[in-house]
Amino acid sequence: MSSIIQLLPDHVANQIAAGEVVQRPASVVKELLENAVDAKATDIKLIIKDAGKALIQVIDNGIGMSVTDARLCFERHATSKIRQAEDLFSIHTKGFRGEALASIAAIAHVEMKTKQDQEELGNHIVIEGSKFISQEPAVLPKGTSFAVKNLFYNIPARRNFLKSDTVEFRHVLDEFQRVSLAHPNIYFTMYHNGSEMFNLPNSNLRQRIVTIFSGKTNEKLVPIQENTDILSIQGFVGKPEFAKKNRAEQFFFVNDRYIRSNYLHHAVMNAYEGLLPNGAQPSYFIYLNVPPHTIDINIHPTKTEIKFDDEQALYAILRSAIKHSLGQFNVVPVLDFDRDPNLDTPYEYQNKTAAFPTVQVDRTFNPFSDEKPTQSISNAGSSSTYKKVETTQNWESLYVGLKQDTFEVDNFSIENDEVTASFFDEKEEEQVAKHTYQIQKKYIVSQIKSGMVIINQNRAHQRVLYEQLLTNMTVQHASSQQLLFPLQVSFSINELKIISELQPALETTGFVFNWESEQLNILGIPSNTTESEVVLVLEQLVSDLQDGIPDSSFSQNDTIAKSMAKSLAVKTGMYLEEKEQENLVNNLFACKEPNVSPFQKPTFITLSVDDIDKRFAL
């Protein structure tokens, strides 16, 4: 029998490996940026076109590569980061497997230009689908430039599975932010389709965070610092009042490497216990430094998962450090039962000096004198004269001289019949029975002919608002309530991009806004929305559209209507007056589909008299 096992060609093996390493354009951005950081670059530029599908270029001023290294770096398992297996337990660089460049070159057109500082000429290499097209000397500046064009050109199935440009660009932004946050001492710039998106000069950690996530972020940050034998922790956590619905501003870094860890995230949430409303997520930028031999990075191709030797100790130290910082900076309210609030000095009186009281006295007053004073001095210095009131006669003298006349009442006739006349016709007053009842501030019970109907007030209101919003967005424009003073809300660049793409649809719901740099100026809001709900509505909308904005207008309107209905609907636990209950019930059964909420959950159930009788076994 002939042998059937054979070695795969290199270009096929590289394409298979590329499926693990390169999943989307953001994967290429991550690998190239990390290579630039490992090359000890101090200035890194990222150039993107069409969300990375057409071009991804990273230019750095690192140490560069020699002629041999430039050719060898595209081979599989070729790396300068490690030499032997023991080096895996002491990794200080971003990459170490030697698969990234070989995988990228297998599925794209790659052009690399590199030059070392001591060399006069550099190298210019062109590769298409793992095939070397050319390698020539060239006059180049110090550093390396990687240009990746036409990603997945030879794997059309993978290219067709890519999301829209908005979604792919959001993933590219995420990777750029993670690398730039991990290295605030490096100058980063980013360009997309010819326009500058980020310009991040080298600075400290706090300035880097504020530069990326708008100027309003500075007032949200609370520093944390803890040094132990196991690890050292530094970074910032957000104040509870600035918590959001999404997890966009949550970053863990271990030895300057971005990681994901649900276990450490639970430690952070435990430290915020009792400080956050339900469903809110705090912001945090936490940097952990641990000995390299106590962690294992080589467990996932993306290197975003890490195994720790002693996770329980890390959990306890991280939670304690965050609690300490929140208490140290007076973020957490402190109960002091020994403090007397009457002794607290108001803040506005802190720098004031005490004034001498102005007291006026009557220096002629003699308490042993027989004569009573005829004048008194008031607070304003004015005087008044008192007169002695003459006493009146005895009260009995008031009735002297009155004529006493008597009348005979026998001749008067008194009507004995009771008069019951009325201006209005007699009619029985019909007592109006109460039609709706609220139970546990969650359900509304209404009586019907066959029994009763029990309505979930939150889901019912979602259905009502959903159909109203869809009508406004598709048939007629909703009325807008203009604000006397514009409402200014800060969003990140990625969130502003989503809101700007939704502007035509949001204007049909009643929103009127414009933006300046990273700040949104809201000029008008829907008539059924209050100012306090605007930020919650927009944050929920951005959170729901993190995975991408639908291409079709109907799907886009449907998503916006669902998100706004969920944010504006009456919440469970809210008390409703009788009129509000009746209005909600009437509006629900006036909808086209009153049976289910916009998220296909039942809005009410009916309970007939027969069902009740069966419960009582009648």
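Structure: see above.
So, here's what we can say about the structure. (Residues numbered from 1 in each chain as written. Predicted model: local features only at pLDDT ≥ 70, side-chain atom pairs only at ≥ 80, totals over all residues. Heavy atoms only, no water.)

On to the side chain of Gln-503. Secondary-structure assignment places Gln-503 in helix 12 (residues 503–509). Not counting chain neighbours up to four residues away, the residues in contact with Gln-503 comprise Phe-513 and Trp-515. (Helix = DSSP H or I, 4+ residues; strand = E, 2+ residues; numbered from the N terminus. Contact = heavy atoms within 4.5 Å.)

This part is about the environment of Glu-582. By the secondary structure assignment, Glu-582 is in helix 15 (residues 578–589). Taking the C-alpha atoms as reference, Glu-582 lies 9.1 Å from Ile-444; in sequence the two are 138 residues apart.

Across all of its chains, the model carries eleven salt bridges by this definition. When the shortest N-O distance is used, the salt bridge between Arg-24 and Glu-168 registers 3.1 Å. Of this pair, Arg-24 sits in the loop between helix 1 (10–21) and helix 2 (25–38) while Glu-168 sits in helix 6 (residues 165–182), placing them 144 residues apart in sequence. On the basis of relative accessibility, which here comes to 22%, the residue Arg-24 falls in the partly exposed class. Look at Glu-168 and you get buried, because its relative accessible area is 0%. Measuring nitrogen to oxygen at the nearest pair gives 3.9 Å for the salt bridge that ties Glu-593 to Arg-463. With Glu-593 in the loop between helix 15 and strand 24 (604–608) and Arg-463 in helix 10 (residues 457–474), this residue pair connects regions lying 130 residues apart in the sequence. Here the salt bridges share partners, and the residues they tie into one network are Arg-463, Glu-467 and Glu-593. (Salt bridge = Lys/Arg side-chain N within 4 Å of Asp/Glu carboxyl O. Buried < 20%, exposed > 50% of the residue type's maximum accessible area, 1.4 Å probe, protein only.)

Moving on, we get to the nonpolar core. Core analysis: the biggest nonpolar cluster contains 60 residues, and Leu-32, Ile-44, Leu-46, Phe-74, Val-148, Leu-181 and Met-190 have the highest contact counts within it. Discounting chain neighbours no more than four positions away, the residues touching Phe-74 are Leu-101, Ala-102, Ala-105, Val-110, Met-112, Ile-127, Phe-132 and Phe-146. (Core = buried A, V, L, I, M, F, W, Y, C linked by side-chain atoms within 4.5 Å.)

Any empty space left between the atoms is revealed when a probe the size of a water molecule rolls over them. According to the stated counting rule, one finds two cavities of 30 Å³ or more in the structure shown. In this structure, the second largest cavity encloses a volume near 40 Å³. If you go around the second largest cavity, the residues you meet are Thr-217, Lys-220, Leu-221, Gly-238, Lys-239, Phe-242, Glu-249, Ser-283 and Phe-285. Grouping the constituent residues of the lining of the second largest cavity by class yields three nonpolar, three polar and three charged. (1 Å grid on protein atoms, 1.4 Å probe; cavity = no way out; pocket = protein on both sides within 12 Å on 5 of 7 lines; lining within 4 Å. Points joined across faces, edges and corners; volume = space filled by probe spheres on them. Nonpolar A, V, L, I, M, F, W, Y, C, P; charged D, E, K, R; others polar.)

Sheet strands associate in pairs through backbone hydrogen bonding, adopting either a parallel or an antiparallel arrangement. Read from one edge to the other, the open sheet built from three strands follows the order 21-23-22, with strand pairing classed as antiparallel. The strands lining the two open edges of the sheet, one partner per strand, are strand 21 (480–490) and strand 22 (512–516). The average undirected angle you get between the axes of adjacent strands in this sheet is 15°. Pairing analysis gives five bridges linking strand 22 to strand 23 (residues 519–526), with the strands arranged antiparallel. When the bridges of strand 23 are listed, Trp-515 appears paired with Leu-520. With respect to the sheet, helix 13 (residues 531–544) is in contact with strand 21 and strand 23, its orientation differing from that of strand 23 by roughly 120°. (Pairing = 2+ DSSP bridges. Axes fitted to C-alpha atoms, helices over the stretch in contact; angles between N-to-C directions.)

Its twelve residues place the ends of helix 15 17 Å apart at the C-alpha level, agreeing with the 16 Å of an ideal helix rising 1.5 Å per residue. Taken together, the buried positions of helix 15 are occupied by Gln-581, Leu-584, Val-585 and Leu-588. All buried residues of helix 15 lie within an arc of 95° about the axis, which places them on one face of the element. Exposed side of helix 15, more than 90 degrees from the buried face: Lys-579 and Asn-586 are the residues found there. On the buried face of helix 15, the contacting elements are strand 18 (436–439), strand 19 (443–448), strand 20 (451–456), helix 10 and strand 24. (Expected span 1.5 Å × (residues − 1). Arc of directions from axis to C-beta.)

What follows is about the sheet that holds strand 11 (residues 250–254). Read from one edge to the other, the open sheet built from five strands follows the order 9-10-13-11-12, with strand pairing classed as mixed. Two strands close off the open sheet at either side, each with one partner strand: strand 9 (221–227) and strand 12 (257–259). Strand after strand, the sheet turns through a mean of 20° between neighbouring axes, direction not considered. Note that strand 10 (residues 232–238) and strand 13 (residues 284–289) share six bridges and pair antiparallel. Bridging from a neighbouring strand, Ile-233 pairs with Leu-288 of strand 13. Sitting on the sheet, helix 7 (residues 205–212) is in contact with strand 9, strand 10 and strand 13, with an inclination near 35° to strand 10.

Scanning all chains against the criterion turns up 14 aromatic pairs. Ring geometry for Phe-176 against Phe-198: centres 5.5 Å apart, planes inclined by 35°, an arrangement best described as tilted. Within this pair, whereas Phe-176 is found in helix 6, its partner Phe-198 is found in strand 8 (residues 195–200), the two being separated by 22 residues in sequence. Taking the centre distance of 6.0 Å and the plane angle of 65° together, the rings of Phe-253 and Tyr-258 count as edge-to-face. Of the two residues, Phe-253 and Tyr-258, both sit in the buried class. Here the aromatic residues Phe-213, Phe-251, Phe-253, Tyr-258, Phe-285 and Tyr-287 are joined through ring pairs into a cluster of three or more. Across the ring face of Phe-132, the terminal group of Arg-71 is positioned such that the distance to the ring centre comes to 3.7 Å. (Phe/Tyr/Trp six-rings, centres within 6.5 Å; stacked < 30°, edge-to-face > 60°. Lys NZ or Arg CZ within 6 Å of the ring centre and 35° of its normal.)

With their axes 8 Å apart at the nearest point, helix 8 (residues 262–271) and helix 9 (residues 311–328) run at an angle of 30° to one another. Handedness of the crossing formed by helix 8 with helix 9: right-handed. Taking contact as the criterion, the partners of Tyr-263, Leu-264, His-266, Ala-267, Val-268, Asn-270 and Ala-271 in helix 8 are, on helix 9, Glu-311, Gln-312, Leu-314, Tyr-315, Leu-318, Arg-319, Ile-322, Lys-323 and Leu-326. In the contact of helix 8 with helix 9, the residues fall into ten nonpolar, three polar and three charged. (Left-handed = near helix turned anticlockwise from the far one by under 90°.)

Everything listed is a geometric property; what it means functionally is a separate question.
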